[in-house]
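One letter stands for each residue in the lines below.
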Amino acid sequence: MLYWSVDDESLPIGTEDLLDDALVALIPLAQFHGWRMHLEGDVTREQVANMREYQEAWVALRPDIYSMVDITYRNALPTESATHPRTAVLAYSGGVDSTHAAVTGASVHRGRRALEITRGVLIAGFDIGLDDTASIARAHGSAQHILNKLEIPLVVVSTNWREDFSPNYTMSFGLGLAAVLHQFRATFDAGLIATDATYATEVGAWGRDSTINRMSGSRAFPFPTIGATASRRDKITAISHIDVVREHLRVCWQPNARGANCGHCGKCVRTKLGFAASGYPATAALGSTSPEEVASVALSMWDRIFLEDMLVNPGELDAGLLTAIRQRISISALPSTHDSTQGRI
Ligand SMILES: [Zn+2]
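The rules behind each value
- Along every chain, residues carry numbers that run from 1 in the direction the sequence is written.
- Residue-level local features of this predicted model are given only where pLDDT is at least 70; pairs of side-chain atoms are given and counted only at 80 or more, and the full residue set underlies all totals for whole chains, interfaces and linings.
- Strands here mean DSSP runs of E at least two residues long; helices mean DSSP runs of H or I at least four residues long; both are numbered from the N terminus.
- Taken over C-alpha atoms, the radius of gyration is set against a globule rule of 2.2 Å times the number of residues to the power 0.38.
- Burial in this document is a count-based property: other C-beta atoms within 10 Å of a residue's C-beta are tallied, and the residue is buried at 20 or more, exposed at 12 or fewer, or partly exposed in between, with C-beta positions derived from the backbone.
- By definition, residues are in contact whenever their C-beta atoms, placed on the basis of the backbone, come within 7 Å of each other.
- By the convention used here, strands pair only if DSSP detects at least 2 bridges between them.
- Angles shown run from 0 to 180 degrees and are taken between the N-to-C directions of axes, each axis being a line fitted to C-alpha atoms and, for helices, limited to the stretch in contact.
- Residue ranges labeled as domains rest on an automatic or database domain assignment.
- By definition here, a helix of n residues has an expected span of 1.5 Å times n minus one.
- By definition, the arc is the one covered by directions from the helix axis to the C-beta atoms.
- With its strands directed away from the observer, a crossover is right-handed exactly when the path from the first strand over the helix to the second travels clockwise.
- The scheme is simple: roughly parallel for angles under 35 degrees, roughly antiparallel for over 145, roughly perpendicular for 65 to 115, oblique for anything else.
- In this scheme the handedness of a crossing depends on how the near helix is turned from the far one: anticlockwise by less than a right angle means left-handed, clockwise means right-handed.
- Put simply, a nonpolar core is buried Ala, Val, Leu, Ile, Met, Phe, Trp, Tyr and Cys residues tied into one set by C-beta atoms within 7 Å.

### Section: the overall build of the chain
Piece 1. The helix and strand inventory of the chain stands at 14 helices and nine strands.
Piece 2. For the chain, whose C-alpha radius of gyration is 20 Å, the value lies close to the compact-globule estimate of 20 Å for 345 residues.
Piece 3. Principal-axis analysis of the C-alpha atoms places the extent of the chain at approximately 65 × 45 × 45 Å.
Piece 4. When the 345 residues of the chain are sorted by exposure, 44% land in the buried category.
Piece 5. Long-range pairs, those at least 24 residues apart, make up 76% of the contacts in the chain between residues at least 6 apart in sequence.

### Thoughts on the sheet that holds strand 4 (residues 87–91)
Piece 1. Here five strands make up an open sheet; going across it, the order is 1-8-7-4-9 and the pairing mixed. At either margin of the open sheet sits one strand with a lone partner, and together these are strand 1 (4–6) and strand 9 (190–192). On average, each strand axis in the sheet is tilted by 30 degrees relative to the strand beside it, whichever way the strands run.
Piece 2. Seen against the sheet, helix 4 (residues 133–149) touches strand 7 (116–124) and strand 8 (154–159) and runs at an angle of roughly 170 degrees to strand 7.
Piece 3. Against the sheet, helix 6 (residues 169–182) makes contact with strand 1, strand 4, strand 7, strand 8 and strand 9, and its axis sits at roughly 135 degrees relative to strand 4, the strand it touches most.

### Observations regarding the domain arrangement of the chain
Piece 1. Here the chain is partitioned into domain 1 (20–77), domain 2 (81–215) and domain 3 (263–340).
Piece 2. Centre-to-centre separation of domain 2 and domain 3, based on C-alpha positions: 26 Å.

### Details of helix 13 (residues 319–330)
Piece 1. For helix 13, built from twelve residues, the straight-helix expectation of 16 Å at 1.5 Å per residue is met to within 8% by its first-to-last C-alpha distance of 17 Å.
Piece 2. All of the buried residues along helix 13 are Leu-321, Ala-324, Ile-325 and Arg-328. The buried side chains of helix 13 occupy one side of the element, clustering within an arc of 105 degrees when seen end-on. For helix 13, the exposed residues set more than 90 degrees away from the buried face come down to Ala-319 and Ser-330.
Piece 3. Contact partners of the buried residues in helix 13: helix 10 (266–277), helix 11 (291–296) and helix 12 (301–312).

### Description of the pairing of strand 3 (residues 71–77)
Piece 1. Two elements, strand 2 (residues 37–44) and strand 3, share six bridges in a ladder whose sense is parallel. Considered in strand 3, the bridge of Leu-39 is made with Tyr-73.
Piece 2. The parallel pair strand 2 and strand 3 is bridged by helix 2 (residues 45–61), and the resulting crossover is right-handed.

### Here's the deal with helix 3 (residues 96–104)
Piece 1. Most of helix 3 sits out of view: eight of its nine residues are buried.
Piece 2. Turning to helix 3, its buried residues are Val-96, Asp-97, Ser-98, Thr-99, His-100, Ala-101, Ala-102 and Val-103.

### Re the packing of helix 1 (residues 20–33) against helix 2
Piece 1. As a packed pair, helix 1 and helix 2 sit with axes 11 Å apart at the nearest point and diverge in direction by 20 degrees. In terms of axis orientation, helix 1 runs roughly parallel to helix 2. Considering how the two elements wind past one another, helix 1 and helix 2 form a crossing that is right-handed. Residues Asp-20, Leu-23, Val-24, Ile-27 and Gln-31 of helix 1 pack against Gln-47, Val-48, Met-51, Tyr-54, Gln-55 and Trp-58 of helix 2.

### Considerations on the nonpolar core
Piece 1. Grouped together as the largest cluster of nonpolar side chains are 87 residues, with contacts concentrated most on Leu-90, Ala-91, Tyr-92, Val-121 and Leu-192.
Piece 2. Element by element, the count of residues in this core is highest for helix 6, at seven residues.
Piece 3. If sequence neighbours within four positions are ignored, Leu-192 has contacts with Ala-88, Val-89, Leu-90, Ala-91, Ala-101, Gly-105, Ile-117, Phe-223, Pro-224 and Ile-226.

### A few points about the pairing of strand 7
Piece 1. With respect to burial, strand 7 is a largely interior element, seven of its nine residues being buried.
Piece 2. Bridge analysis of strand 4 against strand 7 gives five bridges, and the strand direction is parallel. Its bridge partner being in strand 7, Ala-88 is matched across the sheet by Ile-117.
Piece 3. Regarding the hand of the β-α-β motif, the stretch spanning strand 7, helix 4 and strand 8 is right-handed.

### Quick word on unusual backbone geometry
Piece 1. Phi angles above zero are rare outside glycine, and Glu-151 is one such case at about 60 degrees.
Piece 2. Counting through the fold element by element, Glu-151 comes out in the loop between helix 4 and strand 8.
Piece 3. C-beta crowding within 10 Å serves as the criterion here: with 8 such atoms nearby, Glu-151 is assigned to the exposed category.
Piece 4. Although it is not a glycine, Arg-258 sits at a positive phi angle of roughly 55 degrees.
Piece 5. With respect to the element layout, Arg-258 can be found in the loop between helix 9 (243–248) and helix 10.

Here it is, written out as structure tokens:
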């Protein structure tokens, strides 16, 4: 059985008979197996429409994995959306994207009113497994330090969604995050999931982007996009002046990170470069890097995009690190950002 449990019993969770959360949570699994989905409860009509569009998008992206499935339910309710959203609950991992969202969120404007982030949610069972309680506690402690400084209360939600209901996690985790945030719709007006990439560098077949954000909710509980106009380089610049961020930022997904940062993977190294470019060559959270490390680090597509961005906007990086970045890019087998975005519009 799919479950969500929250560590703060004073905060009401759950959506009673409204099953938008179940719809969002289970569509990737149904699409993967080709199962029709029946919900023994009500849904928001707009949420159903958005999940049909989501299905169409993934069938277009990965027809080898996903198929269209029928969705049935008890009643489809009209979407009520008379007011502008004013409070938001933020999915908070303690990394660059969500910390940037937390730092800049108070100035995000939708319509004429600011959208205030009034709660952060750390999810146990996504990048850290539910049985690794020591790593979860460590990640929780780091996230708590940063959000305390920003005066945003944090709760932890534990769920088996990734373990038991997500056949392709990297393609579907945005909906998993959204399904968790749907649990809080009785208390907050909107959910926020910070994007990884900018509008210009978004790529297909990745589980979290501005389009998936929009489909993850409805006007009754929207998911406004946040962070898609700032590069990762911009985001680090915007958060690096905060002391607890330099001490407690957690970016690493490596199995040996144990709720902190391994310090040496592509994600850790690029973040160290970002801090160095912002005038902080060594941080408590990640340490420092060297030309030798940069020149030999394994690169993902995202790391490569970041390194190219650093050459355009090097900030306070020294000549040795810049030379190492050029060397590393020159031997990368990945296409350049320019090549990979051509023809997408
Ligand atoms: Zn790492």
